[in-house]
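What follows is each chain in one-letter form.
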Amino acid sequence: MVSRSWSQYGEVGGGVGRPSFVAEFGLWDDRQAAAAEQVELQLDEVDLVRVVFCDPHGLARSKTVPANVFRSVLRNGMDFSAGPFLFDTGHAVAVDFLADAGVGVGELLGAGDFVLVPDPRTFQVLPRSGPRTAWVLGNEYLRDGTPHPLSARGVLHRVLAEYARHDLSPVIGLEVEWYLTRLTGGPVGNAGNGFGLQGAAPEVEAVNPGYQFNLDSSYDSVADVADPLAAMLMQLGLPLRSFEHESGPGQLETTFNPMSALDAADAMLLLRTQLKQECRRRGYHASFMTLPRLESFDPSGWHLHQSVSSTKTGVNLFAEGDGLQDAISAGGEAYIGGLLSRAREFCLLSVPTVNGYRRLAPEFTLAPTSVDWRFEDRSAMVRVLSGGSSTHVENRIGEPCANPYLAIASQLHAGLEGLLSGVPADRSPHPPLPRSLPEALEAFRASDSAERLLGAPLKSCLAKLKESEAARFDAWSAAEPPESAAGGVTEWEHREYFGAF
């Protein structure tokens, strides 16, 4: 039987995009073209390839194709449904696709396909048993070859291009907290599940009592799982710096050495996806939800370390003096000023869920509540770590499940505004951080800077997605008795986020 390529006629059914899509629109630079040649040499050693992109919520969406099919996908792109741009976190339709969606993207009408083009520099074989499987991230394009205006990765590309125009390069360090729990069986969670209503969250139990910060024995109690996870991350080529036990029961922190901003965002997506999948294979559950509805659990945060270097000299622009304590350059202080000035209106991009605002509360002393900065102070929103060439800032606002491309891009955008202005960070009080998703949404909607960062279509799309999520939570809250909340976290939040994130 002769197998014929539908790409000869224009693909149907969500397969290969169209012949020579990459070449036709000049979508790769020289480095990507060279990487593609190396990828093609590796495909004989691979059975399957997962073709992945990051949706607006920060979740990896993928299709798995045989290696021989990927040979065409690599240079022709692959058709993907617009569904991930339309559904909120509970799979409720938040963006109308049967009429004008009101976000300025005509191709959303009818939920038509877009084209995902693999970035060959992200191709890697996953270290797992079974069929030899690779993973590759892609960039989203409209069918006419223009960058998709709803692409989160595209936002970060644009911000980095602006840095490059000023001969600057941001450096990012990841520090993320998450929970390891043990699966106990129970139903899979399909009962009652549907469009806008999530089924039961995974049933789990704590792996240790917690609340012995950095205790070696606490780490050792989960080392049978955590050590292989650490080894897996290193096999993936991620620059692992540490695995450590935090406060809550089974709460772990994973940190990485400094990376370029795009590599850091790609790494965050890969980290979360692969940790969740590998834990499930071992009978455990990993969750990046900020505060699960489980007894004695403590909130998790995502602390984003950042600095800026000159591409001409390689010098860290935040460095001041040679090893001076509590010192940062005027440029570094101006960068902080940018972070502070946009903290409230950009908060939605670093804390995008109902649950994330549980952490931004006075009772959690190491989570920020005010918009401020200080040297070596973990209670400030922006903590400055000084030390000559290693001087950098740590923004402690983020929740672990935030979209990595949008969270990183928003902070870099705000920081660059401050850096270019040359205005030092204001020590006077700033408006406080939002205390809820609706409050964050209000500040986001009113932000002209958010539109400059994201573009009008993505800003509108994100607002619709989050409005839908907040409205469903409000409707559930109005119908449920107050005692349904445990430790302030509701059953709705646990069902909505604990499994997916």
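Everything below is about the structure shown above.
So, how was this worked out
Residues numbered from 1 in each chain as written. Predicted model: local features only at pLDDT ≥ 70, side-chain atom pairs only at ≥ 80, totals over all residues. Heavy atoms only, no water. Helix = DSSP H or I, 4+ residues; strand = E, 2+ residues; numbered from the N terminus. Rg over C-alpha atoms; globule rule 2.2 N^0.38 Å. Buried < 20%, exposed > 50% of the residue type's maximum accessible area, 1.4 Å probe, protein only. Contact = heavy atoms within 4.5 Å. Areas by Shrake-Rupley, 256 points an atom, 1.4 Å probe, with all protein chains shown as cover. Core = buried A, V, L, I, M, F, W, Y, C linked by side-chain atoms within 4.5 Å. Axes fitted to C-alpha atoms, helices over the stretch in contact; angles between N-to-C directions. Parallel < 35°, antiparallel > 145°, perpendicular 65-115°, else oblique. Left-handed = near helix turned anticlockwise from the far one by under 90°. Nonpolar A, V, L, I, M, F, W, Y, C, P; charged D, E, K, R; others polar.

Moving on, we come to the overall build of the protein. Across its full length, the protein holds 15 helices and 16 strands. By the compact-globule yardstick of 23 Å for 501 residues, the protein fits well, its C-alpha radius of gyration being 22 Å. The principal-axis extents of the C-alpha atoms in the protein amount to approximately 70 × 55 × 50 Å. Expressed as a percentage of the 501 residues in the protein, the buried residues total 56%. If you take every contact in the protein between residues at least 6 apart in sequence, the share linking residues at least 24 apart comes to 73%. Here the protein displays about 20300 Å² of accessible surface, and carbon together with sulfur accounts for 52% of that area.

In this section: the nonpolar core. The biggest cluster of nonpolar side chains holds 148 residues, and the ones touching the most others in it are Val 49, Val 51, Phe 70, Leu 174, Leu 233, Phe 243 and Ile 408. The biggest single contributor to this core is helix H8 (residues 261-281), with 11 residues. If near-sequence neighbours (up to four positions away) are discounted, Val 51 is found in contact with Arg 61, Ser 62, Lys 63, Val 65, Phe 70, Val 73, Met 78, Phe 80, Leu 116 and Val 136.

This paragraph deals with the packing of helix H7 (residues 223-235) against H8. Contact geometry of H7 with H8 gives a least axis separation of 11 Å together with a crossing angle of 140 degrees. One element, H7, and the other, H8, form an angle in the oblique class. The crossing of H7 and H8 is right-handed. Side by side, H7 and H8 meet where Leu 229, Met 232 and Leu 233 of the first sit next to Leu 271, Gln 274, Leu 275, Glu 278 and Cys 279 of the second. Of the residues assigned to the contact of H7 with H8, the class counts are six nonpolar, one polar and one charged.

Structural measurements only, silent on function.
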